[in-house]
Amino acid sequence: MSYLRFEKALMTNLEESLPRELLRTNRSGAYSCSTIVDCNTRKYHGLLVIPVPELDDENHVLLSSMDVTVIQHGAEFNLGLHKYQGNNYSPLGHKYIREFDCGKVPTIIYRVGGVILKKEVVFQHYENRILIRYTLVDAHSATTLRFRPFLAFRSVRQFTHENSNVNRDYQQVEDGIKTCMYAGYPDLYMQFSKKNEFIFQPDWYRGVEYPKEQERGYASNEDLYVPGYFEMNIKKGESVVFAASTSESKTKTLKKLFETEVEERSPRDNFFHCLVNAAHQFHIRKPNDDRYILAGYPWFKCRARDTFISLPGLTLSIEEQDYFELVMKTAEKGLREFMVGKPLTVNIYEMEQPDVPLWAVWCIQQYAKEVGNEACLRRYGSFLKAIIQFIEGNKHPNLHLDENGLLRTDGKEKPVTWMNSVANGSPVVPRTGYIVEFNALWYNALCFAVSLAELDNNAKSVACLQALAERCKESFVNVFYNEYGYLFDYVDDNTVDWSVRPNMIFAVALDYSPLDLVQKKSVLDICTRELLTPKGLRSLSPKSGGYNPMYVGPQSQRDYAYHQGTAWPWLVGFYMEACLRLYKRTRLSFIERQMVGYEDEMLYHCLGTIPELFDGNPPFHGRGAISFAMNVAEILRTLELLEKYNFK
């Protein structure tokens, strides 16, 4: 039995099948995404969605979908499915689905009378080319297949509508055509591994509706352009491969290319392998060979904080040290450019956020655990030193080291932490002044720097760093630890934030903590009682004012809920690490039970990965981006920690 497999009963029930999505990527920025019944429910869905840097830095939907019709004895059976206005679905092709399997590649089996048709899909690595193999498994009479492509040629953040500006021209290429709807876009090549007939029959399919956009309070309707259809006969046992690409394919090699791509895919046959597969989907390689980590799909870019937080889990936890070093090479270049005031030459957003250098040190620290401090010192010693000096010298425009050894930042007007939601131009959570995780990370960074400086036999540097660390430790406890046994989220002069938030967990989870044992246990206990859910740590305790756990409704409503009670899986990685630090092996079974909540998600939302966040109240529904790098990373890192403790 396959791990990611659904029977007819689920596939033909749209209430069950439409919420389940499927993501395929090519590791160069493009992706293919839809529901498991191939009915697009988001404006971000599409069979071929690619970056078009000549236009902007967004992804663009070229090929929205492809309807396949089985023809026998003059009778037509369309296997497609689209949602139109008025809650109308057509042509109801999902009723022919017999099973879905996503072991190595997504596979759907259709049955139409005596016809059994298998469809398998792969996205070619590092090429903007989607490949679909259709195999006629069984048929008792002559069978014809008709393929009708639905084109969009638009940004993922926009819609296309019927217009007279569309370029209807097309050119015949080997076993297919190429076309381009608008100037500035690349040509779309649609080709088959077998000779076929293309019938030019241009038309618009009007009123296609995306229910996920309706749920999110956005416009949700568009029209899709269909230039015509391809038609060919197919025999029992025969396979045909379709390729949609921005470059011409050699059609005689398409079958072999499909087989090669399938062989390179690792099976998603258990929880861990699903997460590894998801981790690889965040890999981005640019033409200049720079490597990146995408923050999430389908709308996130490469962001600095997300990169440093997720990199260890996405690479080191699955024994991919080489890719860690490749991404870190790009990220180090960007951070160094920022620290010396040069324009960035890397495509990483939000490098200016004040906690980015602190997370960079934590990221390097995780590398040191894998390779040893000496190897880490050789590779990243100068980078670490540059970061510490940058912070200590108050060279960051929004991060100031005060005399008491704590870091201060201004977050009144713009968000400066991972809690970055904005409403009416102002931060929903205006964290400012002394921020708890900033200073926990700073103390940890100083102590880690001491350990490397000792290896380097630099007594002067060791003494200086130790003095800074001691001052930070004393002030941290005095400023953040309160009489109720937890940490203030931020302190700004005489203003303290009494909200119970998860950011205090970092002071317990990090290798070096400014808290003593009693204080650590108290903080962990509060997090357990008020913040822990089966899907992550809540961003705010239900006992705190403003608790808003349901991430639903229009954008403004969701902005106010984003960090006011929703649960975030990536925070659980640090919570679990804190548990293991304090209670060692006695908490292993507890953590293993917590992991069950995430394994359940492999079969929901986007198959085989973890969404951005969850509602903070039962039934803890998944929300936001369908696949989020920090969540996948920290669950992988937790599994690695479990394995290490199990072998102790």
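Up top is the structure these notes are about.
From a predicted model like this one, the values you see are computed outputs, not experimental measurements. (Residues numbered from 1 in each chain as written. Predicted model: local features only at pLDDT ≥ 70, side-chain atom pairs only at ≥ 80, totals over all residues. Heavy atoms only, no water.)

1. Regarding the state of the cysteines
The cut-off we apply is this: Criterion for a disulfide: a pair of cysteine sulfur atoms within 2.5 Å. Burial here depends on accessible area, computed with a 1.4 Å probe over protein chains only, as a share of the maximum for the residue type. Under 20% is buried, over 50% is exposed, and the range in between is partly exposed.
Counted under the stated rule, the structure contains 0 disulfides. Here cysteine 376 is not disulfide-linked; the sulfur of cysteine 363 is the nearest cysteine sulfur, at 9.8 Å. Its relative accessible area of 0% is what places cysteine 376 among the buried residues. A disulfide-free cysteine, cysteine 606 has its sulfur positioned 5.6 Å from the sulfur of cysteine 33, the nearest such atom.

2. Quick word on the layout of surface pockets
To keep it simple, the criterion reads: Cavities and pockets are defined on a 1 Å grid built over the protein atoms alone: a cavity is a set of grid points where a 1.4 Å probe fits but cannot escape, while a pocket is an open set with protein on both sides within 12 Å along at least five of seven lines, and lining residues are those with an atom within 4 Å of any such point. Grid points are joined across faces, edges and corners, and a volume is the space filled by probe spheres set on the points. Under the scheme used here, helices are H or I runs from DSSP no shorter than 4 residues and strands are E runs no shorter than 2 residues, and both carry numbers assigned from the N terminus. Classes in brief: Ala, Val, Leu, Ile, Met, Phe, Trp, Tyr, Cys and Pro nonpolar; Asp, Glu, Lys and Arg charged; the others, Gly included, polar.
Size it by volume and the largest pocket reaches roughly 860 Å³. Taken together, 35 residues make up the lining of the largest pocket; nearest its centre are Ser28, Gly29, Pro51, Pro53 and Lys286. For the lining of the largest pocket, the secondary-structure elements that each account for two or more residues are β4 (46-51), β20 (283-285) and β22 (296-297). Of the residues that constitute the lining of the largest pocket, the class distribution is 18 nonpolar, 8 polar and 9 charged. By volume, the second largest pocket is sized at about 650 Å³. Trp299, Phe300, Arg303, Asn420 and Tyr562 are the residues nearest the centre of the second largest pocket, which is lined by 31 residues in total. Counting residues per element, the ones that place at least two in the lining of the second largest pocket are α6 (304-315) and α14 (555-561). Counting residues per element, the lining of the second largest pocket draws most heavily on α14, which supplies 3 residues. Split by residue class, the lining of the second largest pocket holds 14 nonpolar, 6 polar and 11 charged.

3. Some words on the pairing of strand β5 (residues 59-72)
Inclusion rule: The rule for pairing is simple: two strands pair if DSSP sees at least two bridges between them.
For β5, the buried fraction is high: 14 of the 14 residues fall into the buried class. Summarising the sheet, β4 and β5 pair through 4 bridges and their orientation is antiparallel. Each bridged residue has a counterpart across the sheet, and for valine 49 the counterpart in β5 is valine 61. Bridge analysis of β5 against strand β13 (residues 143-155) gives 10 bridges, and the strand direction is antiparallel. Bridged to isoleucine 71 within β13 is threonine 144. Note: β5 against strand β6 (residues 75-78), 4 bridges, orientation antiparallel.

4. Remarks on the packing of helix α7 (residues 321-339) against helix α9 (residues 373-392)
Inclusion rule: Where helices are involved, their axes are fitted lines through C-alpha atoms of the stretch in contact, as for all axes, and angles between N-to-C directions lie from 0 to 180°. Oblique is the label for every angle not falling under 35 degrees (roughly parallel), over 145 degrees (roughly antiparallel), or within 65 to 115 degrees (roughly perpendicular). Two helices crossing with the near one rotated counterclockwise from the far one by less than a right angle form a left-handed crossing, whereas a clockwise rotation gives a right-handed crossing. Residues count as neighbours in contact if any of their non-hydrogen atoms are within 4.5 Å of one another.
Where α7 contacts α9, the two axes come as close as 11 Å, and the packing angle between them is 30 degrees. The pairing of α7 with α9 is recorded here as roughly parallel in orientation. α9 is crossed by α7, and the crossing has left-handed handedness. Between α7, through Phe324, Glu325, Met328, Glu332, Leu335, Arg336, Phe338 and Met339, and α9, the contact on the second element is made entirely by Arg379, Tyr380, Ser382, Phe383, Ala386, Ile387 and Phe390. For the contact of α7 with α9, the per-class residue count stands at 10 nonpolar, 1 polar and 4 charged.

5. Focus on α6
Which entries qualify depends on this criterion: Working rule for helices: expected span equals 1.5 Å times residues minus one.
The first and last C-alpha atoms of α6 sit 16 Å apart over 12 residues, in line with the 16 Å expected at 1.5 Å per residue. Taken together, the buried positions of α6 are Ala304, Arg305, Asp306, Thr307, Phe308, Ile309, Ser310, Leu311, Pro312, Gly313, Leu314 and Thr315.

6. With respect to the environment of glycine 46
Mapped onto the elements of the fold, glycine 46 is located in strand β4. By relative accessible area, glycine 46 is classed as buried at 2%. Spatially, the C-alpha atoms of glycine 46 and threonine 35 are 9.9 Å apart, while their sequence positions differ by 11 residues.

7. Overview of the sheet that holds strand β9 (residues 97-101)
One open sheet holds the 9 strands; their spatial order is β1-β9-β10-β11-β12-β19-β16-β15-β14, and the pairing between them is antiparallel. Each edge of the open sheet is held by one strand with a lone partner, namely β1 (5-7) and β14 (170-173). Ignoring strand direction, the axes of neighbouring strands in this sheet form an average angle of 15 degrees. Strand direction decides the pairing type here: strand β10 (residues 107-112) and strand β11 (residues 115-123), joined by 6 bridges, are antiparallel.

8. Some details on the pattern of salt bridges
To keep it simple, the criterion reads: Here a salt bridge means any side-chain nitrogen of Lys or Arg lying within 4 Å of a carboxyl oxygen belonging to Asp or Glu.
Scanning the entire structure with this criterion turns up 43 salt bridges. As a salt-bridge pair, arginine 206 and glutamate 162 come within 2.7 Å of each other at their nearest N and O atoms. Here the residue arginine 206 occupies a position in strand β17 (residues 197-209), and glutamate 162 occupies one in the loop between β13 and β14, the gap between them amounting to 44 residues. The salt bridge involving lysine 412 is made with aspartate 492; its shortest N-O contact spans 3.4 Å. Of the two residues, lysine 412 is situated in the loop between β24 (407-409) and β25 (422-423) and aspartate 492 in strand β28 (residues 490-492); the sequence distance between them amounts to 80 residues. Among the residues examined, aspartate 492 registers a relative accessible area of 11% and is labelled buried. Sharing partners across several salt bridges, the network here consists of Lys369, Asp511, Glu577, Arg581, Glu634 and Arg637.

9. Here's the deal with the pairing of strand β18 (residues 221-234)
β18 sits mainly inside the fold: 11 of its 14 residues count as buried. Sheet topology note: the β13/β18 ladder contains 6 bridges and is antiparallel. If you follow phenylalanine 147 over to β18, its bridge partner there is phenylalanine 230. Summarising the sheet, β17 and β18 pair through 9 bridges and their orientation is antiparallel. By the bridge assignment, glutamate 209 is partnered in β18 with asparagine 221.

10. Quick word on the packing of aromatic side chains
Here the distance between the centres and the angle between the planes together describe a pair of aromatic rings. This is how the line gets drawn: Any pair of Phe, Tyr and Trp rings, taking the six-membered ring for Trp, is counted once the centres come within 6.5 Å. Such a pair is stacked with planes under 30 degrees apart, edge-to-face with planes over 60 apart, and tilted for the rest. Over a ring means this: the NZ of a Lys or the CZ of an Arg is within 6 Å of the ring centre and within 35 degrees of the ring normal.
This structure, assessed with the given rule, holds 38 aromatic pairs. With centroids separated by 5.0 Å and ring planes inclined at 15 degrees, the aromatic side chains of phenylalanine 324 and tyrosine 367 adopt a geometry described as stacked. Of this pair, phenylalanine 324 sits in helix α7 while tyrosine 367 sits in helix α8 (residues 356-371); the two residues are 43 residues apart in sequence, bridging distant segments of the chain. Residue tyrosine 367 is classed as buried on the basis of its relative accessible area, which comes to 2%. Ring geometry for tyrosine 575 against phenylalanine 590: centres 6.5 Å apart, planes inclined by 65 degrees, an arrangement best described as edge-to-face. Here tyrosine 575 is found in helix α15 (residues 569-583), whereas its partner phenylalanine 590 is found in helix α16 (residues 588-599), with 15 residues between them in sequence. Between the NZ or CZ atom of arginine 587 and the centre of the ring of tyrosine 583, over which it lies, the distance is 4.0 Å. Directly above the ring of phenylalanine 574 sits arginine 637, whose terminal nitrogen or CZ lies 5.0 Å from the centroid.

11. Quick word on empty space enclosed by the protein
Taken as a whole, this structure holds 3 cavities of 30 Å³ or more when the rule is applied. Of all the elements in the fold, those that place two or more residues in the lining of the largest cavity are β2 (21-25), β3 (31-35), β4, β5, β10, β11 and β12 (129-138). For the lining of the largest cavity, the element with the most residues is β5, which contributes 5 residues. For the lining of the largest cavity, the class distribution of residues is 16 nonpolar, 9 polar and 4 charged. The space that makes up the second largest cavity amounts to roughly 50 Å³. Residue lining of the second largest cavity: Cys39, Asn40, Ser64, Ser65, Leu81, His82, Lys83, Val208, Tyr210 and Leu224, and that is the complete set. Residue assignment for the lining of the second largest cavity shows that the elements contributing at least two residues are β5 and β7 (82-84). In terms of residue class, the lining of the second largest cavity is made up of 5 nonpolar, 4 polar and 1 charged.

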